[in-house]
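# Chains, contacts and geometry: an overview
Here is what each chain is made of, one letter per residue.
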Amino acid sequence: MAETDGRAMTPIRRDGKMPPGDAEMPRGGSPHPPRNEHQRPRRDSSLAPLAQNDNAKRGGYGDPPRTSPTDPPRTNPPAEPPRANAPYIEAEGLCFAYTAGEPVLAGLSMTACAGRLTCVLGPNGSGKTTLLRVLARLLVPSGGSVRLAGRPLEAYRRADLARRVAYVPQETLAGAGFTVMETVLMGRSPHTGALGFESEADWQAAESALSLTETARFAGRDLADLSGGERQRVIVARALAQDPALVLLDEPTAFLDIRHQHSIYGLLTHLVREQGRTVIAVSHDLNLAGAYADDLVLLARGAVAAAGPPEAVIRPEVLEPVYETPVEVRRDETTGRPLVLPRPPG
Amino acid sequence: MTPHPLTVRRYVLTTLAGAAAWLVVAAVAVVVGGRLWAWGSAAQMHDVLWLRLEWVATASAVGAALALSGLALQALLRNPLAEPYILGVSGGAGLAYILASLFVSVVAAPAVAVLGALATVALVYAIARRRGRLEPYTLLLAGVILNAFYGAAIMLVTAIVRPEQRGDIAVWMMGTIGAFGPQWPLIGAVAALAVAGGGLFAFLAKGFNLVAAGEDTAGALGVRVERLRVITFVAASLLAGVSVALAGPIGFVGLIVPHVLRMLIGPDHRRLVPAALFAGAAFLVLADLAACLWEGATNRSVPVGVLTAMCGGPFFIYLLRTRWRKRMAVR
Amino acid sequence: MVSTRFHLVLLALATAAALSATGCGEADAPPPAGREAGRQPLRILSLAPNLTEILFAMGLGDAVVGRSTYCTYPPEALAVPAVGDTLHLDLAGVIRAEPTLALLLTRRTEVVRRLEGLGIRVAAVEADRMDQLREAIRTIGTETGRPDAARALLAQIDADLAAVRRRVAGLSPPRTLFACPMTVGSARILVAGRGTFVDDLLTAAGAENAYPDRADWPTIGPTRVVDLGPDVVIVNAATKGPADRQDTIRRAWNALGSVPAVEAGRVHILTEPYLTIPGPRVGRAARLLAETIHPGLADEEPAP
């Protein structure tokens, strides 16, 4: 049974919206909302120095490790930087169906806030990928609306949207023969001109994205020659090079080993904490999401079943009806985050 | 594959270099193909010079148009076997040209051929459009359907005309450069369309790169994929159609040139587009020169389409042995 | 009585035996068509236009019971049922016509085998050249049993040609190119090389073939034409095409200003189809060519 911490539980609203103001959160845009220490991972929130230590120990990485965490240069800061913890993207009553009569999203409403890592969970077929594609404006919902930084999504021109929103798909085609560097540079295309010429700033952004995802040593290699996991990290680097305010990732760690899984989630945490971006990541891994996310959104059959901080969502009474399998929830002693142990019958 | 950033200066320099290379090839083809030094009288040399100029201009325009069309269709359909005639345009333009030449009007035959190409574009669009979208798979299928239909129609025409006309149809379908009688207006139109096509595809090149990484990826990076598909499809088909109207269906140029360029320059379409324009022109000019020299040596005329087709077999063997070894990874 | 019935049966059996001995399956007695004395009637299937012309010129038009689709001269031939051509033979039509003799050009050996398989006597002749034409006429005369008609036709042809030769004797032969333009596209032209039937016609018409090599209708381009530099060009646009075809051809030739024929305005477009068909109209063809190549000739009185 999950042990609740001392903090008052945030009531879960059925429509998934966050309460307008968490009484304990300070106003004023501090990038570090005070949290109960138990909820914080004991390590540094920014994983970059840890990665560099690994680099230094391991040696043999192509680029010499940089001595300070490098962020992609803000070549295109959004006109109005989102206030931390203010909702950056809000979806209301989304309805979508690929084929008529089989709705995939049925009245889905959710919010993701700037400076917070939101993870979307749910069983297969609950509409997670579809939700992301609607948020990225790759699909147009038949009902409902999405607002980005307060403006309706359809009010943005596609080029403007591409400068703000990065989408990391689950699958990527790699047969064309592009190198890793060229692939990551594609992330700069919303910022390059009509003919696509790149500037020095574009190259720097790409290079720092590569080093942040630990893929700099692959820079000259063909994307198709990499393993699935390495390719996944390159695709995340491409999204980083885009310098987006909102990052949407569809199972970014599906093929990664545990070291790289935590590396990527650490990177996502760094993005939200240090850079104030908004990150929404779909995940199958309840424990990974529970360990890193600030907010969880649990989908079931195209609607939100539960939303809130991990300890509010990762509870047996919440998970069991959605996943239709008995689970046991324990608390990780070290991190204070909930752990899910499935207990299949028999 | 080169690690150098694509700057304006580099782009302009390489484009100019490509243009210069083409000019050199064209000049050599004019002089050597016509053996301009060997004519006795000035009037004869004048005639042959203008004939050669016309033929080299035709080859350049058609080669550039076909190479660009093939490159664009390979990007659009994400298929390395795509070539300008895969969507039925050669059949539509060819059938229209043959019918016009035989029954309606010789002068208007090229214009009718272009109309046939446009009608084919509309037909393919109507067949391939599903749920308001053009997808590569359905485009390919529609093209296969139309090619089958047009093949049957041309066979029918061949069967019902007089025996002496059958041979003429067969020879025209191989594709030939050069004609009795000047066609400068038509050559100028094709050349202008080729250059315009090159310009258009230069602006779409970024989009071509991105759709190679996936439709969702491209859309999320700001590419309007549907609009790109429609524009590319129409432009590439039009380029193929006017090429057929001018020189008949010359095959393999639109297939081979983009692939060879990819081997040399890499898959980046921003570099490939201007290269395809000049390399396509130079390739067909050289093929025409080879046909010309052959004709001079053996007194037998061989259509250029035969020479390009003879390059096709070895090329496919090469493709099979290199490209398909690379994994086409779709995770 | 028994004996009468027995005799009737014997008579019936004998009649049946006699009838079956004369051949089976002939339900309808065919009308007598041949002039062959004492033999079975002559029913000819002619599968080449020039062979049909020869048959009609020899007075055997009534014996022709089947023709190919392209045998359209003389006009009387159109009344004969068409049975396709040697590429696609309408076998049902062939059988319906019940020919006893089939005439075709030897280029189609598989058709020969098929017709012989139907029990039809096949006479394959060659008629591509002038000398082959003479031989073909003689062969047809032998096969049809009308050697005198063949000789008469040959004599007429020889007389026509001799008349033409007399008229052009003494005139200097201009270098003449005989070209057939393509009907689809205009990339190349077919020209009569040395040793073809048209080459023989040109010689008879008092011209020298501008194409110097022995070749069977080579394909050449405009550069080669400039190289050859003929003094006279005959363009035979025989196949019926769109209305602007002749204009297009003329404009195309006018672009080659260095060719002497173009400079002198000696490019003639002729549409008569018999110029390339080795047949009884050879004399007319030679006369037409001679009058075209030697402009003053038409004004003279034709020699008897």
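The model shown is predicted, which means the values in this text are computed figures rather than measured ones. (Residues numbered from 1 in each chain as written. Chains lettered and ligands numbered in written order. Predicted model: local features only at pLDDT ≥ 70, side-chain atom pairs only at ≥ 80, totals over all residues.)

### A few points about the overall build of chain C
Check the secondary structure of chain C and you find eleven helices and ten strands. For chain C, the proportion of its 304 residues judged to be buried stands at 43%. (Helix = DSSP H or I, 4+ residues; strand = E, 2+ residues; numbered from the N terminus. Buried ≥ 20, exposed ≤ 12 C-beta atoms within 10 Å, placed from the backbone.)

### Topic: the overall build of chain B
Looking only at helices and strands, one finds twelve helices and two strands in chain B. The order of helices and strands in chain B, counted from the N terminus, is α-α-α-α-β-β-α-α-α-α-α-α-α-α. Expressed along its principal axes, the backbone C-alpha trace of chain B runs to roughly 65 × 50 × 35 Å. Pairs at least 24 residues apart make up 76% of the contacts formed inside chain B by residues separated by at least 6 positions. (Contact = placed C-beta atoms within 7 Å.)

### Quick notes on the interface of chain A and chain B
With 35 residues of chain A at the interface, the matching set in chain B holds 34 residues. If you list the elements that add at least two residues to the side of chain A that touches chain B, you get helix 3 (158-164), strand 6 (165-168), helix 4 (180-186) and helix 6 (228-241) of chain A. When grouped by side-chain class, the residues that make up the side of chain A that touches chain B number 20 nonpolar, nine polar and six charged. (Nonpolar A, V, L, I, M, F, W, Y, C, P; charged D, E, K, R; others polar.)

### Regarding the pairing of strand 6 of chain A
Residues and elements named next belong to chain A. Across the two faces of strand 6 the burial is the same, with Val-165 and Tyr-167 and Ala-166 and Val-168 all buried. Pairing analysis gives four bridges linking strand 6 to strand 7 (residues 246-250), with the strands arranged parallel. Bridging across to strand 7, Tyr-167 finds its partner in Leu-248. (Pairing = 2+ DSSP bridges.)

### Remarks on the packing of helix 2 (residues 42-77) of chain B against helix 7 (residues 184-211) of chain B
All names here are of chain B. Relative to each other, helix 2 and helix 7 sit at 25°, their axes nearing to 9 Å. As the angle between them shows, helix 2 and helix 7 are arranged roughly parallel. When you trace helix 2 past helix 7, the crossing you get is left-handed. Residues Glu-54, Ala-57, Thr-58, Ala-61, Val-62, Ala-64, Ala-65, Leu-68, Ala-72 and Ala-75 of helix 2 form the contact with helix 7, whose own contacting residues are Trp-184, Ile-187, Val-190, Ala-191, Leu-193, Ala-194, Gly-197, Gly-198, Phe-201, Phe-208 and Val-211. Classifying every residue of the contact of helix 2 with helix 7 by side-chain character gives 17 nonpolar, three polar and one charged. (Axes fitted to C-alpha atoms, helices over the stretch in contact; angles between N-to-C directions. Parallel < 35°, antiparallel > 145°, perpendicular 65-115°, else oblique. Left-handed = near helix turned anticlockwise from the far one by under 90°.)

### Let's talk about the sheet that holds strand 5 (residues 151-152) of chain A
Note on sheets: strands pair through backbone hydrogen bonds, and any given pair is parallel or antiparallel. All names here are of chain A. Reading across the sheet, the four strands line up as 2-1-4-5 and stay open at both edges, with antiparallel pairing between neighbours. Looking along the sheet, the strands with just one partner apiece sit at the ends: strand 2 (102-113) and strand 5. Inspection of the sheet shows strand 1 (residues 87-99) paired to strand 4 (residues 143-148) by five bridges, in the antiparallel sense. Directly across from Ala-91, in strand 4, lies its bridge partner Val-146.

### What to know about unusual backbone geometry
Omega for the peptide link from C:Tyr73 to C:Pro74 comes to -5°, which places this bond in the cis form. Structurally, C:Pro74 is set in the loop between strand 2 (64-67) and helix 3 (91-97). A positive phi angle is found at A:Glu324, which is not glycine, with a value near 55°. Inspection of the secondary structure puts A:Glu324 in the loop between helix 10 (316-323) and strand 11 (327-331). Positive phi values are uncommon outside glycine, yet B:Phe252 reaches one of about 75°. Within the element layout of this structure, B:Phe252 appears in the loop between helix 9 (225-247) and helix 10 (253-265). Using a count of 23 C-beta atoms within 10 Å as the deciding quantity, one classes B:Phe252 as buried.

### Structural notes on the confidence of the model for chain C
Residue and element names in this part refer to chain C. Here chain C averages 84 in pLDDT, and 84% of its residues register 70 or above. Confidence drops under a pLDDT of 50 for residues 21-38, and excluding neighbours within four residues, the segment shows 16 contacts in the predicted structure. Both confidence scores are given for the complex: pTM 0.83, ipTM 0.87. (pLDDT = per-residue confidence, 0-100.)

### A closer look at the interface of chain B and chain C
Taken together, the contact between chain B and chain C spans 33 residues of the former and 29 residues of the latter. Contributing elements (two or more residues each) for the side of chain B that touches chain C: helix 2, helix 3 (89-104) and helix 6 (163-174) of chain B. With six residues, the top contributor of residues to the side of chain B that touches chain C is helix 2 of chain B. Residues of the side of chain B that touches chain C, tallied by class, amount to 14 nonpolar, 13 polar and six charged.

### Quick notes on the confidence of the model for chain B
Taken residue by residue, chain B gives an average pLDDT of 90. The fraction at 70 or more is 96%. In the predicted structure, residues 327-331 of chain B sits below a pLDDT of 50 and forms eleven contacts with residues beyond four places in sequence or in another chain.

### A closer look at the nonpolar core
The tendency in soluble globular proteins is for nonpolar side chains to be buried as a group. Among the nonpolar cores identified, the biggest contains 290 residues, and A:Leu248, B:Ala65, B:Leu68, B:Ala276 and C:Ala205 are the most heavily contacted of them. Considering every element that reaches this core, the biggest residue donor is helix 2 of chain B, with 19 residues. (Core = buried A, V, L, I, M, F, W, Y, C linked by C-beta atoms within 7 Å.)

### With respect to the domain arrangement of chain C
All names here are of chain C. When cut into domains, chain C gives domain 1 (44-160) and domain 2 (172-299). Distance between the C-alpha centres of domain 1 and domain 2: 28 Å. Each side of the interface is counted separately: domain 1 has 13 residues, and domain 2 has ten residues. Partitioning the side of domain 1 that touches domain 2 into residue classes produces eight nonpolar, one polar and four charged. (Domains from an automatic or database assignment.)

### Describing the environment of C:Leu115
All names here are of chain C. Locating Leu-115 in the fold gives a position in helix 4 (residues 109-117). Counting along the chain gives 76 residues from Leu-115 to Val-191, while the straight-line C-alpha distance between them is 34 Å. With residues up to four places along the chain from it excluded, the contact list for Leu-115 reads Ala-102, Ile-120 and Val-122.

### Looking at helix 12 (residues 304-322) of chain B
Spacing of three or four residues puts side chains on the same side of an α-helix, whose turn is 3.6 residues. Residues and elements named next belong to chain B. In this model helix 12 runs 27 Å from its N-terminal to its C-terminal C-alpha over 19 residues, within 8% of the 27 Å that 1.5 Å per residue would give. The largest bend in helix 12 comes to about 25°, at Gly-313, with the proline Pro-314 one to four residues further on. Every buried residue of helix 12 is accounted for by Val-304, Gly-305, Leu-307 and Thr-308. (Expected span 1.5 Å × (residues − 1). Bend = angle between axes of the 7 residues up to and from the residue.)

### Focus on the sheet that holds strand 3 (residues 101-105) of chain C
All names here are of chain C. Taken in spatial order, the four strands line up as 2-1-3-4 in an open sheet, and their pairing is parallel. In this open sheet, the two edge strands, each paired with only one partner strand, are strand 2 and strand 4 (121-125). Here the average twist between neighbouring strands, direction ignored, is 20°. Where strand 1 (residues 44-46) meets strand 3, three bridges bridge the pair, whose relative direction is parallel.

### Overview of the environment of A:Leu148
Residues and elements named next belong to chain A. Structurally, Leu-148 can be placed in strand 4. The exposure class assigned to Leu-148 is buried, which follows from the 25 C-beta atoms found within 10 Å. Residues Leu-148 and Ile-89, 59 residues apart in the sequence, show an inter-C-alpha distance of 4.5 Å. The residues contacting Leu-148, other than those within four sequence positions of it, are Ile-89, Leu-153, Tyr-156 and Arg-164.

### Considering the environment of B:Val56
Residues and elements named next belong to chain B. Considering the arrangement of structural elements, one finds Val-56 in helix 2. Separated by 232 residues in the primary sequence, Val-56 and Asp-288 place their C-alpha atoms 7.8 Å from one another. Not counting the four nearest positions on each side in its chain, Val-56 is found in contact with Ala-26, Ala-29, Val-30 and Val-285.

### A look at the packing of helix 5 (residues 130-144) of chain C against helix 6 (residues 147-168) of chain C
All names here are of chain C. Where helix 5 meets helix 6, the axes come as close as 7 Å, and the angle between the chain directions of the two elements is 160°. It follows from the interaxial angle that helix 5 and helix 6 lie roughly antiparallel. Both helix 5 and helix 6 take part in a crossing whose hand is right-handed. Here helix 5 contributes Arg-134, Ile-137, Arg-138, Ile-140, Gly-141 and Thr-142 to the contact with helix 6, which in turn contributes Pro-147, Ala-149, Ala-150, Arg-151, Leu-153 and Leu-154. Among the residues forming the contact of helix 5 with helix 6, the class breakdown is seven nonpolar, two polar and three charged.

### Re helix 11 (residues 269-298) of chain B
Residue and element names in this part refer to chain B. Helix length check: helix 11 (30 residues) gives 41 Å between terminal C-alpha atoms against 44 Å at 1.5 Å per residue, within 8%. Of all the bends found along helix 11, the most pronounced is centred on Ala-276 and spans about 35°. In terms of burial, helix 11 is largely enclosed, as 22 of its 30 residues are buried. Asn-299 occupies a position one or two residues after helix 11 and carries a positive phi of about 55°.

### Considerations on the pairing of strand 10 (residues 303-308) of chain A
Residues and elements named next belong to chain A. Taking burial as the measure, the six residues of strand 10 include six buried ones, the bulk of the element. Sheet analysis places strand 9 (residues 295-300) next to strand 10, joined by five bridges and oriented antiparallel. Looking at the pairing, Ala-300 lines up with Ala-303 of strand 10. Where strand 9 folds back on strand 10, the antiparallel hairpin that results is connected by two residues, among which Arg-301 adopts a positive phi of roughly 55°.

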